[in-house]
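One letter stands for each residue in the lines below.
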Amino acid sequence: MIGLTIVEAEDIFKSFKEEFEARERQFKGPGGRPKKIDTRGIFVMLLMYYRHDISMAALGALFHLDDNKVKRWSDDAQRMLKEVLKKERLPLNRSGSQEEVKEVLQQHGKIY
């Protein structure tokens, strides 16, 4: 989707899922509603956002979610993905902006 092979995307997803679950355990309070989208869906949503620069409202429509919820999950997922990229030794040299993360993923996936 963003130029990564399936194996590369799965490797990054595995680390992303571990980071996501660790943060979820850390902040999980009692009760709450179950999520309408799983970790893989959030990861795919984030890759779509990077690849197509799609709006939160459009992502919400694609995944049947409220755009505010998409924005919140996207922001959290981007922070986690930046941590994963650092751990995977795919350095972010600047601010870790959307453009920089996209560039690192593209270089890792050998996009032309």
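Our subject is the structure that appears above.
As a starting point, this report considers the structure included with it. Here the structure is a predicted model, which is why all the values come from computation and not from measurement.

1. Comments concerning the environment of methionine 48
Inference 1: Considering the arrangement of structural elements, one finds methionine 48 in helix H2 (residues 39-52).
Inference 2: The class for methionine 48 is buried, based on a relative accessible area of 17%.
Inference 3: For the pair formed by methionine 48 and leucine 59, sequence separation is 11 residues and the distance between their alpha carbons is 8.3 Å.

2. Points about helix H1 (residues 6-27)
Inference 1: Taking 1.5 Å of rise per residue, 22 residues should cover 32 Å, and H1 covers 31 Å from first to last C-alpha, within 8% of that figure.
Inference 2: When H1 is considered as a whole, its buried residues turn out to be Glu8, Ala9, Ile12, Phe13, Ser15, Phe16, Glu19 and Phe20.

3. Observations concerning unusual backbone geometry
Inference 1: Even without glycine at this site, aspartate 53 takes up a positive phi of about 50°.
Inference 2: By secondary structure assignment, the location of aspartate 53 is in the loop between H2 and helix H3 (56-63).
Inference 3: A relative accessible area of 54% places aspartate 53 in the exposed class.

4. Overview of H3
One turn of the α-helix equals 3.6 residues, which is why residues spaced by three or four share an orientation.
Inference 1: Among the residues making up H3, those that are buried are Met56, Leu59 and Gly60. Each buried residue of H3 sits inside an arc of 100° when the element is viewed along its axis, so together they form one side.
Inference 2: For H3, the elements touching its buried residues are H2 and helix H4 (67-87).
Inference 3: Two residues or fewer past H3, histidine 64 is found with a positive phi of approximately 60°.

5. Some points on the packing of aromatic side chains
Inference 1: Applying the stated criterion to the full structure yields three aromatic pairs.
Inference 2: Centre to centre, the rings of phenylalanine 13 and phenylalanine 43 are 5.3 Å apart; their planes meet at 55°, and the pair counts as tilted. Of this pair, phenylalanine 13 sits in helix H1 while phenylalanine 43 is found in helix H2, placing the two residues 30 residues apart along the sequence. With respect to burial, phenylalanine 13 and phenylalanine 43 carry one shared label: buried.
Inference 3: Here phenylalanine 16 and phenylalanine 20 contribute two aromatic rings whose centre-to-centre distance is 6.0 Å and whose plane-to-plane angle is 35°, an arrangement assigned as tilted. One end of the pair is phenylalanine 16 and the other is phenylalanine 20, both in helix H1 and four residues apart, which spans about a single turn.
Inference 4: An aromatic cluster is built from Phe13, Phe16, Phe20 and Phe43, whose rings are joined through pairwise contacts.

6. Points about the pattern of salt bridges
Inference 1: Tallying each qualifying case throughout the model produces four salt bridges.
Inference 2: Among the ionic pairs, arginine 40 bridges to glutamate 10, the shortest N-O distance being 3.0 Å. Residue arginine 40 is found in helix H2, and its partner glutamate 10 is found in helix H1; the two are separated by 30 residues along the sequence.
Inference 3: Of the charged contacts in the structure, one is a salt bridge between arginine 23 and glutamate 19, with a shortest N-O distance of 3.3 Å. Taken together, the residues arginine 23 and glutamate 19, both in helix H1 and four residues apart, mark about one turn of the helix.
Inference 4: For glutamate 19, a relative accessible area of 12% corresponds to the buried category.

Analysis parameters
- Residues numbered from 1 in each chain as written.
- Predicted model: local features only at pLDDT ≥ 70, side-chain atom pairs only at ≥ 80, totals over all residues.
- Heavy atoms only, no water.
- Helix = DSSP H or I, 4+ residues; strand = E, 2+ residues; numbered from the N terminus.
- Buried < 20%, exposed > 50% of the residue type's maximum accessible area, 1.4 Å probe, protein only.
- Expected span 1.5 Å × (residues − 1).
- Arc of directions from axis to C-beta.
- Contact = heavy atoms within 4.5 Å.
- Phe/Tyr/Trp six-rings, centres within 6.5 Å; stacked < 30°, edge-to-face > 60°.
- Salt bridge = Lys/Arg side-chain N within 4 Å of Asp/Glu carboxyl O.

This is a description of form; function is not addressed.
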